[in-house]
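Chain by chain, the residues:
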Amino acid sequence: STQSTGGVDEDDVYRAMRSHKFNFHGLRYAVVLHMTKSIIVDVHGGCPAGRFNDITIARQFLVPKLLNDEQVMADKGYQDPHRRFMAPIQLRNHRRATAGLPVEECEEYNRLHKQVMGRHEKVNGLFKEFGALAVRKFRHSPDKHRACFHAVAQITQVRLFLNPRLLDTPAYIPVIVDGQVLYHTSTRVPDDD
C-alpha cells in the first residue's frame, strides 16, 4: 500500500527525487561558469533529480537569461534543435558528422570543446570537496540543501577570485557559425580588474 502524509503521496515524492543517472535520490543543480574568466556566472536548481534532467533545468532557469544570439557550451546531453547549447559534435561511423562538417574539423572542435569543459569539471571537483553536500550525508530539508549549495558556490567563487589560476584558460573557444567551425582566440582578461 502507498502511504500518504498531508495529501502528498510518498511514493510520488520518492520517484521525483530519485536520480536515474546516479540510482539514488537527490537534488539536481546547474552551475554556469564563464568561458575564459574564473567566475561562476549563475547557480540554479535544487530540483528533484528524478523529475528534472540537466537540459530541462537549463531551459527553465538559464535560457530565459540569455541574449537572443547567446549560446552556452555544454556536454553531449544538451543536444538542442534551437542551437542554444554548444555540445560536442556526434560522429557517425567515423566518416561524417551530424553537423555535416568534415570529420577533421569536428574532431578539432570536440578537442577544444573538451578543454573548455574541463574547466567546468574542475569547478565541480571544488564543489565536491564539500562532502556535506552529498545526499547520503545531508540529513536536512531540500530548502536547507539549496541554501548550503549556494553557500558552497559563494565560497568556491571566493577561492577562484583569490586564486584564478585554479582554472586553466583555454587558448581558443570553438564555435559553429553557418555550418563552419570558427575558433575565437581566448583573450585573457585579468581577473583582478
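Note that this is a predicted model, so its numbers are computed, not measured.

Student: Requested: an account of the pattern of salt bridges, with residues and values cited.
Tutor: Enumeration according to the criterion identifies 5 salt bridges in this entry. Linking Asp 42 and Lys 65 is a salt bridge whose minimum nitrogen-to-oxygen distance equals 2.9 Å. Remark: Lys 65 occurs in the loop between helix H2 (54-62) and strand E7 (72-73) and Asp 42 occurs in strand E6 (residues 40-48); sequence separation between them is 23 residues. Across the salt bridge formed by Asp 143 and Arg 146, the nearest N and O atoms sit 2.6 Å from each other.

Student: Explain the packing of aromatic side chains to me, and be specific about the residues and the numbers.
Tutor: The final tally for this structure, using the stated rule, is 3 aromatic pairs. Note on Tyr 78 and Phe 85: the rings are 5.2 Å apart at their centroids and 50 degrees apart in plane angle, and the pair reads as tilted. The class of Tyr 78 is buried, set by a relative accessible area of 12%. Measuring from ring centre to ring centre gives 5.2 Å for Phe 127 and Phe 149, while their planes differ by 35 degrees; the resulting arrangement is tilted. Placement of the pair is Phe 127 in helix H3 (residues 103-128) and Phe 149 in helix H4 (residues 142-162), with a sequence separation of 22 residues. Look at Phe 127 and you get buried, because its relative accessible area is 6%. A residue is classified by how much of its surface remains accessible, and Phe 149, at 9% relative accessible area, is buried. Linked through ring pairs, Tyr 29, Phe 127 and Phe 149 together constitute an aromatic cluster.

Calculation rules
- Residues numbered from 1 in each chain as written.
- Predicted model: local features only at pLDDT ≥ 70, side-chain atom pairs only at ≥ 80, totals over all residues.
- Heavy atoms only, no water.
- Salt bridge = Lys/Arg side-chain N within 4 Å of Asp/Glu carboxyl O.
- Helix = DSSP H or I, 4+ residues; strand = E, 2+ residues; numbered from the N terminus.
- Phe/Tyr/Trp six-rings, centres within 6.5 Å; stacked < 30°, edge-to-face > 60°.
- Buried < 20%, exposed > 50% of the residue type's maximum accessible area, 1.4 Å probe, protein only.

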